[in-house]
Amino acid sequence: MHMVRKSEGFLDAVYSAGLVVDGTGTVLGCTPAAETLLDRRAEDLRGQTLPSLLADPGHWPRVMAQRSGPVWEGRAVVRTGDGGDLDVAFRVLPLDPGRRSERDSPWLVLGAPHAVVSKWRQDFAFTQELFLQDRIGFAVFDKELRLVRTNTHLLPYTGVPADLAGHRLADFLWAEDARQIDDQLREVLRSGVPLVGVDALVRTLVDPGAGRIMAVSVFRLQEPDGRVMGVTGLFTDVTEQRRARRRLDLLQRATAVLGNSLSVAETAQDLADVLVPDLADTAVVDIAEGVFRFAEAGPDRHRLHLLRRAAAAGPGAGPDAGPDTEPAEQPEPGDVVEVDTGGSLRDRLWADDGPDEHQRVRSGMTVLLRARGKLLGRVIVRRTSVLPFDENDLDLLGEIASRAALVLDNARRFARERRANVSLQRSLLPPAEADTVAVQAASVYLPTDATTGVSGDWFDVIPLSSARVALVVGDVVGHGLHATATMGRLRTAVRTLADLDLEPDELLAHLDDLVSQLTVEAGGNEPGAPGSEQQGAYHAFGATCLYMMYDPVARHCAMASAGHPPPAVIAPDGTVEYVDVSPGPPLGVGGLPFEPVELDVEPGSVLALFTDGLIERGAGDVDEGMDALRQRLMDADALCRPLPDVGREVVEGLAPSRLPDDVTLLLARTRVVPPDDSVTWALEADPAVVAGARELVVGQLARWGLDELAFTTELVASELVTNAIRYAGGPVELRLIRAGTLICEVSDPSSTQPRMRRAHTTEEGGRGLFLIAQLTQRWGSRYTRRGKTIWAEQPLPGPE
């Protein structure tokens, strides 16, 4: 008897349309499925010959040519009852294979649409191969989540039964792992929504170990009538892929984290933190001692290196140094130890000792930190779990360490350069606090360039003649070392010009000329030089500046601005007002004058000079920033509290956490010279008044109790008044001021500056200014609107 093949499927009598024919091919009977397939009644089909059922009876020889034996299959196009053509696949089976004559033997012809048969055969082949292949675990579960059928490699791990039929996952997997997968199977069984590629940890009861990561996909199975029969699960081992993905993610995360800081200590701690727990359970980082001193680390070819325990992460990480450190030598954080690298720079794994060789687990790794031929330190990591390190882990740690070493070396070089830059900047800026006869001043300065610590804002408190003082605040365009160097040049220039006692607008005009010259030199002055070079040169040297002079005798301020924000005045009643200054162009632009502004200042007032970084707060409006500064100055009680505390409070309250620009605030509490400490006399342009001037000076010094300065001051006043009358004419003004020093001034209408010279022995005159220079602490002259003033200072005698 002929055995039917397993792949019959739709050409099985159960599913297919059937015709019973005799040996001549005449239809003897049919199944109801045949009536439906051919769209003909059974009465019409009986008696028909098979060739007459074809769409083209002439193709009958072609059909018979497909015969390969007693049981054979073929393909033909038949004509249906509605006149259409149908491509069918058929199978011919003998109903009485024992007969000798085929003409006397009945035959069964089974047929189905060729497309349906082809699809079924594809489905069958696909399912069959799923159960035969060993790359993907394939399992069928019933509605109770019992295993019905699996391929031979569902879970090819220790502890999985050979025959899984009838088992549940919890029979051989950890309860936690089995429950997670069962929940997913149950949800798909309930909802019918497929689950694709969900990771699940799989650990067997016999050998839990680190387990394997399986990507699980689940689909619901249904009967032809729609009844649920179970679920199918596909299990793909993606352990290595996921570990590789985690290693790549860790490498990317380490790269991002290690680039966040230029501090050696912070970088070392970031390195330890990023390794735990994704790569190891504990991690320690040792850094070469020279790195903390900003010095060059030792060459990596040397054997002995001094390393400091710089960072640790994970439980118990602090005291663990590595496999080659004795317990008594295990360093604490901050300790320095001498490490012998053996002269061979290699990264390595090490194993903890077990009861025997087979139970040793690779639980630790050591990687050296090397960059630019220098050994900067080492990284030591440990695992306390049963999952050992492998060569891939060592390669990953080595890659992270190489990047960390470059960051550490950059941090070391940056710290060394920053220290030099900060030292330069501090040498170019004045002290934060100043105390003069005219003002008590305090300043706050915050550079925006936190990475280099240097920038271009500056401030200054410059003592002038006659007890006056100059307050200066400036802002150089840009940041960095070049801005600091420009700031130093401009501050020196301002102090030099201030020593000439120029008016504020005149001083800024000279300073503007200087910046314009620097701009031309930097941009090139050759014919046809492009304008972009000039523009770039301005951005290299351009600046804004506010220059203010305060006279404590007259209680008067004069100021001018080169594109700088106006100062604020805190009056004795606590109100804060901004001075109505008409700012000129920034320094280096040229072409426009600077307008001076004068105002009287009440005793005890506080002057606030600042740069735009304090009021330009991100995207906020400048007017809003000035209003906020006014309110902060009022709230800070600057009239009564120490100015350093007031300055810090104002800046901390206004400056954002990340400064978009430098912030400079200079506060100056004004002082006054009492009326009794200054006296002025108007003298006629007559040589006869010189003797009377000496008497006036001596008398005033006697009233002040400064008799010991009478002789010198009498001589100075006599020489200055005599010169004024002889060379300038009248009127002449003589003034004495007692304010920290004794100041003697003589003003006349001449604009000719005096010049000290060394007189020859045969000359009768020319020794007056030389004598004044020898007898006084310092002397000088300044231009005024009505001529000039020559002054000389003497130190006051100390208390007895």
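The present account deals with the structure reproduced in this document. (Residues numbered from 1 in each chain as written. Predicted model: local features only at pLDDT ≥ 70, side-chain atom pairs only at ≥ 80, totals over all residues. Heavy atoms only, no water.)

When helices and strands are counted, the protein shows 18 helices and 32 strands. For the protein, with 800 residues in total, the buried portion stands at 45%. Of all intrachain contacts in the protein linking residues separated by at least 6 positions in sequence, the fraction that spans at least 24 positions is 61%. Per element, the accessible surface of the protein, about 39,700 Å² overall, is 52% carbon and sulfur. (Helix = DSSP H or I, 4+ residues; strand = E, 2+ residues; numbered from the N terminus. Buried < 20%, exposed > 50% of the residue type's maximum accessible area, 1.4 Å probe, protein only. Contact = heavy atoms within 4.5 Å. Areas by Shrake-Rupley, 256 points an atom, 1.4 Å probe, with all protein chains shown as cover.)

In this fold, Arg491 is placed in helix H11 (residues 481–498). In this structure the side chain of Arg491 is engaged in a polar contact, spanning 2.8 Å, whose partner is the side chain of Asp460. Ignoring any residue separated from it by four or fewer positions in sequence, one finds Arg491 in contact with Leu428, Leu429, Pro430, Trp458, Phe459 and Asp460. (Polar contact = N/O pair within 3.5 Å; in protein donor to acceptor, adjacent residues only side chain to side chain.)

Quick look at the sheet that holds strand E25 (residues 597–600) now. Within the open sheet, the five strands sit side by side as E19-E20-E21-E22-E25. Their pairing is antiparallel. The open sheet has two edge strands, strand E19 (457–463) and E25, and neither has a second partner. Taking the axes of each pair of neighbouring strands and ignoring which way they run, one obtains an average angle of 15° across the sheet. Alignment of strand E22 (residues 556–562) against E25, held across four bridges, turns out to be antiparallel. By the bridge assignment, Met559 is partnered in E25 with Val597. (Pairing = 2+ DSSP bridges. Axes fitted to C-alpha atoms, helices over the stretch in contact; angles between N-to-C directions.)

You can see Ala568 is positioned in strand E23 (residues 568–570). In this structure the C-alpha to C-alpha distance between Ala568 and Arg630, which are 62 residues apart in sequence, comes to 7.9 Å. If near-sequence neighbours (up to four positions away) are discounted, Ala568 is found in contact with Val576, Glu577, Tyr578, Val606, Leu607, Ala608, Phe610 and Leu633.

On to the pattern of salt bridges. The full count for this structure, using the stated rule, is 41 salt bridges. Arg41 is paired through a salt bridge with Asp44; the nearest N and O atoms lie 3.7 Å apart. On the basis of relative accessibility, which here comes to 51%, the residue Arg41 falls in the exposed class. Linked by salt bridges that have partners in common, Arg247, Arg383, Asp390 and Asp393 make up one network. (Salt bridge = Lys/Arg side-chain N within 4 Å of Asp/Glu carboxyl O.)

Between helix H16 (residues 689–704) and helix H17 (residues 710–727), whose axes approach to 9 Å, the crossing angle comes to 145°. Regarding H16 and H17, the two cross each other, and that crossing is right-handed. Contacts between H16 and H17 involve Val689, Val690, Ala693, Arg694, Val697, Val698 and Leu701 from the former and Ala710, Thr713, Glu714, Ala717, Ser718, Val721, Thr722 and Ile725 from the latter. Here the contact of H16 with H17 is composed, by residue class, of ten nonpolar, three polar and two charged. (Left-handed = near helix turned anticlockwise from the far one by under 90°. Nonpolar A, V, L, I, M, F, W, Y, C, P; charged D, E, K, R; others polar.)

A few words now on the nonpolar core. Trp458, Leu471, Leu508, Leu511 and Tyr547 are the most contacted members of the largest nonpolar core, which totals 52 residues. For Leu508, the contacting residues outside a window of four places in its chain are Cys545, Tyr547, Ala560, Ser561, Ala562, Leu587 and Phe594. Ranked by size, the runner-up nonpolar core spans 44 residues in total, among them Ala313, Met365, Ala371 and Leu408. (Core = buried A, V, L, I, M, F, W, Y, C linked by side-chain atoms within 4.5 Å.)

This part is about unusual backbone geometry. Following Val276, the chain continues to Pro277 via a peptide bond in cis, the omega torsion being 5°. The backbone of Arg372 sits at a positive phi, close to 50°, despite the residue not being glycine. Its relative accessible area of 47% is what places Arg372 among the partly exposed residues.

This part is about the pairing of strand E28 (residues 678–683). On E28, burial follows the alternation: Val679, Trp681 and Leu683 on one face are buried, whereas Ser678, Thr680 and Ala682 on the facing-out side are not. Both E28 and strand E29 (residues 732–739) contribute to a ladder of six bridges, which runs antiparallel. The partner of Val679 across the bridge, within E29, is Leu736.

What follows deals with the environment of Ala739. As for its position among the elements, Ala739 is in strand E29. Ala739 sits in the buried class, given a relative accessible area of 9%. The spatial distance from the C-alpha of Ala739 to the C-alpha of Val673 is 6.6 Å, given a sequence separation of 66 residues. Once residues lying within four places of it in the same chain are set aside, the contact partners of Ala739 are Val437, Ala467 and Val673.

The subject of this paragraph is the packing of aromatic side chains. Summed over the entire model, instances satisfying the criterion amount to three aromatic pairs. Between Trp72 and Phe90, the ring centres sit 5.4 Å apart and the planes meet at 85°, which makes this aromatic pair edge-to-face. Taken as a pair, Trp72 in strand E3 (residues 72–79) and Phe90 in strand E4 (residues 85–94) lie far apart in primary sequence, 18 residues in all. Among the residues examined, Trp72 registers a relative accessible area of 5% and is labelled buried. Judged by its relative accessible area of 8%, Phe90 falls in the buried class. Ring geometry for Trp120 and Phe124: centres 5.2 Å apart, planes at 20°, overall stacked. Of this pair, Trp120 and Phe124 both sit in helix H5 (residues 114–132), four residues apart, which is roughly one turn of the helix. The exposure class of Trp120 is partly exposed, given its relative accessible area of 21%. Judged by relative accessible area, which is 30%, Phe124 ranks as partly exposed. Sitting above the plane of the Phe292 ring, Arg308 keeps its charged end 4.1 Å from the centroid. (Phe/Tyr/Trp six-rings, centres within 6.5 Å; stacked < 30°, edge-to-face > 60°. Lys NZ or Arg CZ within 6 Å of the ring centre and 35° of its normal.)

As far as function goes, none of this settles anything; it's purely spatial.
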